[in-house]
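Chain by chain, the residues:
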Amino acid sequence: MKKIVSAVLLVLLISSGAWAQAAYDSAKVKAAMQANSAALGTIKKAIDASDTLATADAFWTIVQANRPMLGYSPPKGDKASWDKAFNEMIASALKGMGAAGSKDWDKAKAALAELRADMSSGHGAFR
Ligand code: HEM
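What you are looking at is a predicted structure, and each value in this text was computed from that prediction instead of being measured.

How each quantity is defined
Residues numbered from 1 in each chain as written. Predicted model: local features only at pLDDT ≥ 70, side-chain atom pairs only at ≥ 80, totals over all residues. Helix = DSSP H or I, 4+ residues; strand = E, 2+ residues; numbered from the N terminus. Buried ≥ 20, exposed ≤ 12 C-beta atoms within 10 Å, placed from the backbone. Near = placed C-beta within 6 Å. Nonpolar A, V, L, I, M, F, W, Y, C, P; charged D, E, K, R; others polar. Expected span 1.5 Å × (residues − 1). Contact = placed C-beta atoms within 7 Å. Core = buried A, V, L, I, M, F, W, Y, C linked by C-beta atoms within 7 Å. Axes fitted to C-alpha atoms, helices over the stretch in contact; angles between N-to-C directions. Parallel < 35°, antiparallel > 145°, perpendicular 65-115°, else oblique. Left-handed = near helix turned anticlockwise from the far one by under 90°.

Chemist: How should the overall build of the protein be read in this particular structure?
Modeler: Looking only at helices and strands, the protein has five helices and zero strands in total. Taken from the N to the C terminus, the helices and strands of the protein come in the order α-α-α-α-α. The proportion of buried residues among the 127 residues of the protein is 23%.

What follows is the structure, given as structure tokens:
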């Protein structure tokens, strides 16, 4: 009896994971990517203007645009690497927000460079 209950729980656990993860949605990913492109330009301008709030706001746009990507499976490659890539990208953007808050413009520029590197490796693996 115990074994049957364990087996049923295991099946429920596995299938609930499958429900939580949506299939790849090209239109949603493209929309997020277009927001990313626009945000990179905005971040650059805001840093050049030493504008704390505009810089933080533009880095936050990256966080918001990419967080939903964690809910999708990738178009190719494995889900764990996809999640890792987006979590790293979100971490780079949060670093940029922190840098904006402390008016550390070199650190903000480094966070922007990290985002560009995240893009290159993300496109290399999944695009
Ligand atoms: C700041 C960082 C990034 C920028 C600026 C960026 C920009 C773009 C742009 C402009 C496109 C073309 C969108 C279109 O066809 O309308 C694109 C596509 C794509 N990007 Fe990114 N990207 C970034 C980061 C990433 C990362 C980290 C990943 C994966 C981990 C990724 C995965 C993809 C994929 C899979 C597509 C193809 C979408 C499709 O056609 O279905 N991108 N990206």
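Chemist: What should I look at first to understand the site of the ligand in this one?
Modeler: Near the ligand lie 20 residues; those nearest to it are Ser 26, Met 33, Ala 85, Met 119 and Gly 122. Sorting the residues of the shell around the ligand by element identifies α2 (26-48), α4 (79-101) and α5 (105-126) as the ones contributing at least two each. Looking at which element gives the most residues to the shell around the ligand, the answer is α2, with eight residues. Counted by class, the shell around the ligand contains eleven nonpolar, six polar and three charged residues.

Chemist: I tried to follow α5 on my own but got confused; where do I start?
Modeler: Because an α-helix completes one turn every 3.6 residues, residues spaced three or four positions apart along the sequence face the same direction. With 22 residues, α5 extends 31 Å between its outermost C-alpha atoms, agreeing within 8% with the 32 Å of an ideal straight helix rising 1.5 Å per residue. Lining the buried residues of α5 we find α2, α3 (52-66) and α4.

Chemist: Just to check I follow, could you spell out the environment of Asp 25 for this structure?
Modeler: Among the structural elements, Asp 25 can be located in the loop between α1 (2-20) and α2. The exposure class of Asp 25 is partly exposed, given the 16 C-beta atoms found within 10 Å.

Chemist: Explanation requested: the nonpolar core in the structure shown.
Modeler: Buried together is how nonpolar side chains tend to be arranged in soluble globular proteins. Among the nonpolar cores identified, the biggest contains 23 residues, and Ile 43 and Phe 59 are the most heavily contacted of them. Going through the elements one at a time, α2, α3, α4 and α5 are the ones with two or more residues in this core. No other element matches α4, which puts eight residues into this core. Those residues in contact with Phe 59 that sit more than four places away from it in its chain are Ile 43, Ala 93, Gly 96, Met 97 and Ala 100.

Chemist: I keep staring at the packing of α2 against α5 and nothing clicks. Help me out?
Modeler: To describe two helices that pack against each other, one gives the angle between their axes and the distance between the axes. Taken N-terminus to C-terminus, the directions of α2 and α5 make an angle of 165 degrees; their axes are 10 Å apart at the nearest point. Classed by the angle they form, the pair α2 and α5 counts as roughly antiparallel. Helix-helix and strand crossings are classified by hand; for α2 and α5 the assignment is left-handed. Contacts between α2 and α5 pair Leu 40, Ile 43, Lys 44 and Ile 47 from the former with Trp 105, Ala 108, Lys 109, Leu 112 and Leu 115 from the latter.

Chemist: Would you explain the packing of α4 against α5 in this entry?
Modeler: Between α4 and α5, the least distance of the axes is 8 Å, while the angle of their chain directions is 165 degrees. Between α4 and α5, the interaxial angle falls into the category roughly antiparallel. Remark: the crossing between α4 and α5 carries left-handed chirality. On α5, the residues that touch Ser 81, Trp 82, Ala 85, Glu 88, Met 89, Ser 92, Ala 93, Lys 95, Gly 96, Ala 99 and Ala 100 of α4 are Lys 107, Ala 108, Ala 111, Leu 112, Glu 114, Leu 115, Asp 118, Ser 121, Gly 122, Ala 125 and Phe 126. Of the residues belonging to the contact of α4 with α5, the class tally is twelve nonpolar, five polar and five charged.

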